[in-house]
Amino acid sequence: VAFFPVPGALREYVTFPARFAVPVPDEVSNTTAAVMLVNTITMRDLLRAVEDAWAGLPGPALQTAVGSSVGRLVAAAAVRHGYPLVSLVRSERGAAALRERFPAVPVFSTSDLGWIGKARAALGGPARVVLDPVGGSLAVQLLGPLEDGARSFPTGRCPGSPFRWDPAR
C-alpha cells in the first residue's frame with residue numbers, strides 16, 4: 001500500500017490508520033509507490049499556487065530541479081495545460097535528457113555560464129513565477145530573470161543551503 005498523510009513516513013517502519021492506506025497494484029514498484037501520493041499532491045499544490053499567482057493570466061514561469069520527480073510532474077502538467085515554463089537543471093546531461101522527454105519545454109543547465117540570458121530569452125522576458133526547491137546560491141541567481149512583483153515558491157531547501165540575498169549587490 002501507499003499512504004498519506006502520515007507523520008514519520010520516512011521511517012523504516014510506521015503505523016498508521018487503515019483509512020490512509022491506498023492499495024498499490026503489484027506492477028507498481030515500491031520506489032514509485034513510496035512517492036506517488038506525496039509527489040502528485042506536491043505538484044498539484046505548486047500548480048494551484050502558480051495559477052493563483054497568475055490570477056487567470058498565465059505568464060512566464062521558471063522551474064529549477066526539473067530532474068526531480070516533482071519537477072518532472074510539473075513539467076508534464078505544464079505541457080498538458082500549455083503553461084509557459086522554462087526549466088533548469090544542474091548538468092547538460094540532465095538538460096539533454098529532459099529536452100528529449102519534454103521537447104516543448106525549454107531546458108537549460110545552470111552549469112552553462114550563459115544560462116540566465118538563455119532562460120530569459122526563452123521566457124520572452126522576465127519570469128512572473130519561480131518554483132525553486134534548491135535554494136542557496138541558485139536562489140540568488142534566479143533574481144536576475146524575475147520581473148518586479150514576481151512570486152517565488154521555495155518548495156524546499158537543500159540541507160546547508162540557506163537563502164542569502166544582499167540587495168546592495
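All chains use their own residue numbering, which begins from 1 and follows the written sequence. Predicted model: local features are reported for residues with pLDDT of at least 70 only, side-chain atom pairs are reported and counted for 80 or more only, and whole-chain, interface and lining totals are derived from all residues. The basis for every side-chain value is the complete set of heavy atoms in the structure, and neither hydrogens nor water enter the calculation.

A. Highlighting the environment of Leu88. Numbering of helices and strands runs from the N terminus; a helix is a DSSP stretch of H or I covering at least four residues, while a strand is a stretch of E covering at least two. Among the secondary structure elements, Leu88 is positioned in strand β4 (residues 85–89). The cut-offs for exposure are 20% and 50% of the maximum accessible area for each residue type, with area from a 1.4 Å probe on protein chains only; residues under the lower value are buried, those over the upper are exposed, and the others partly exposed. A relative accessible area of 1% places Leu88 in the buried class. Leu88 sits 27 residues away from Trp115 along the chain, and the two C-alpha atoms are 8.6 Å apart.

B. Structural detail: the packing of aromatic side chains. Aromatic rings from Phe, Tyr and Trp, taking only the six-membered ring of Trp, are treated as a pair when their centres fall within 6.5 Å; an angle between ring planes under 30 degrees marks them as stacked, one over 60 as edge-to-face, and anything in between as tilted. All told, the structure shown has 2 aromatic pairs when counted by the stated rule. With a centroid separation of 5.0 Å and 75° between ring planes, the pair formed by Trp54 and Tyr83 is classed as edge-to-face. Of this pair, Trp54 sits in helix α1 (residues 30–54) while Tyr83 sits in the loop between α2 (69–81) and β4; the two residues are 29 residues apart in sequence, bridging distant segments of the chain. Placement of a positive charge over a ring is assigned whenever Lys NZ or Arg CZ falls within 6 Å of the ring centre and within 35 degrees of the normal to the ring plane. Directly above the aromatic system of Phe20 lies the positively charged group of Arg19, at a separation of 4.8 Å from the ring centroid.

C. Local environment of the packing of α1 against α2. The axes used here are C-alpha line fits, helices contributing only the stretch in contact, and every angle between their N-to-C directions lies in the interval 0 to 180 degrees. As a packed pair, α1 and α2 sit with axes 9 Å apart at the nearest point and diverge in direction by 50°. Looking at the two axes, α1 sits oblique to α2. Here the hand of the crossing between α1 and α2 comes out right-handed. Residues Asn39, Thr40, Thr42, Met43, Leu46 and Leu47 of α1 lie in contact with α2, whose contacting residues are Ser69, Val70, Leu73, Val74 and Ala77. Across the contact of α1 with α2, the residue classes tally to 7 nonpolar, 4 polar and no charged. Working definition: roughly parallel below 35 degrees, roughly antiparallel above 145 degrees, roughly perpendicular at 65 to 115 degrees, and oblique for all remaining angles. We call a crossing left-handed when the near helix sits turned anticlockwise from the far one by less than a right angle, and right-handed when that turn is clockwise. By definition, residues are in contact when any of their heavy atoms lie within 4.5 Å. Classification used: nonpolar for Ala, Val, Leu, Ile, Met, Phe, Trp, Tyr, Cys and Pro, charged for Asp, Glu, Lys and Arg, polar for all others including Gly.

D. Region of interest: the environment of Trp54. Looking at Trp54, the relative accessible area reads 4%, which means it is buried. For the pair Trp54 and Arg128, spaced 74 residues apart in sequence, the C-alpha to C-alpha distance is 7.8 Å. Leaving out residues up to four positions away in the same chain, Trp54 has contacts with Gly59, Pro60, Ala61, Tyr83, Pro84, Arg128 and Val129.

E. Seen up close, α1. Every helix has an expected span of 1.5 Å times one less than the residues it contains. If you check α1, its first and last C-alpha atoms are 36 Å apart, about what 25 residues at 1.5 Å a residue would give, namely 36 Å. Here the bend at a residue is taken as the angle between two axes, fitted respectively to the seven residues that end there and the seven that start there. Along α1, the largest kink reaches about 45° and is centred on Met36. Buried within α1 are the following residues: Ala33, Asn39, Met43, Leu46, Leu47, Val50, Ala53 and Trp54. Once α1 finishes, Ala55 follows within two positions and takes phi at roughly 50°, a positive value.

F. Representation of unusual backbone geometry in the model. Not every positive phi belongs to a glycine, and Ala55 is a case in point at roughly 50°. Judged by its relative accessible area of 68%, Ala55 is exposed. Backbone geometry places Ala65, a non-glycine residue, at a positive phi of 55°. With respect to the secondary-structure elements, Ala65 resides in the loop between β3 (61–63) and α2. Residue classification places Ala65 among the partly exposed positions, given a relative accessible area of 23%.

G. Geometry of a nonpolar patch on the surface. Taken together, Phe4, Val35, Val38 and Ile41 make up a surface patch of nonpolar side chains, about 270 Å² in accessible area. Relative to the helices and strands, Val35 resides in helix α1. Judged by relative accessible area, which is 34%, Val35 ranks as partly exposed. Surface patches are defined over residues having more than 30% relative accessible area and no salt bridge, joining like charges when they lie within 9 Å and nonpolar side chains (Val, Leu, Ile, Met, Phe, Trp, Tyr) when within 5 Å. Shrake-Rupley sampling with a 1.4 Å probe provides the accessible areas, and residues are treated as covered by the protein chains on show and by no other component. Salt bridge criterion: a side-chain nitrogen from Lys or Arg within 4 Å of a carboxyl oxygen from Asp or Glu.

H. Looking closely at the pairing of β4. The element β4 is extensively covered by neighbouring structure, given that 5 of its 5 residues are classed as buried. Of the two faces of β4, the one lined by Leu85, Ser87 and Val89 and the one lined by Val86 and Leu88 are each fully buried. Strand direction decides the pairing type here: β4 and strand β5 (residues 107–109), joined by 3 bridges, are parallel. Across the sheet, residue Leu88 finds its bridge partner in β5, namely Phe108. Handedness of the β-α-β unit built from β4, helix α3 (residues 92–101) and β5 comes out right-handed. Strand pairing requires that DSSP identify at least two bridges connecting the strands. A crossover gets the label right-handed when its path from the first strand over the helix to the second runs clockwise, viewed with the strands pointing away from the viewer.

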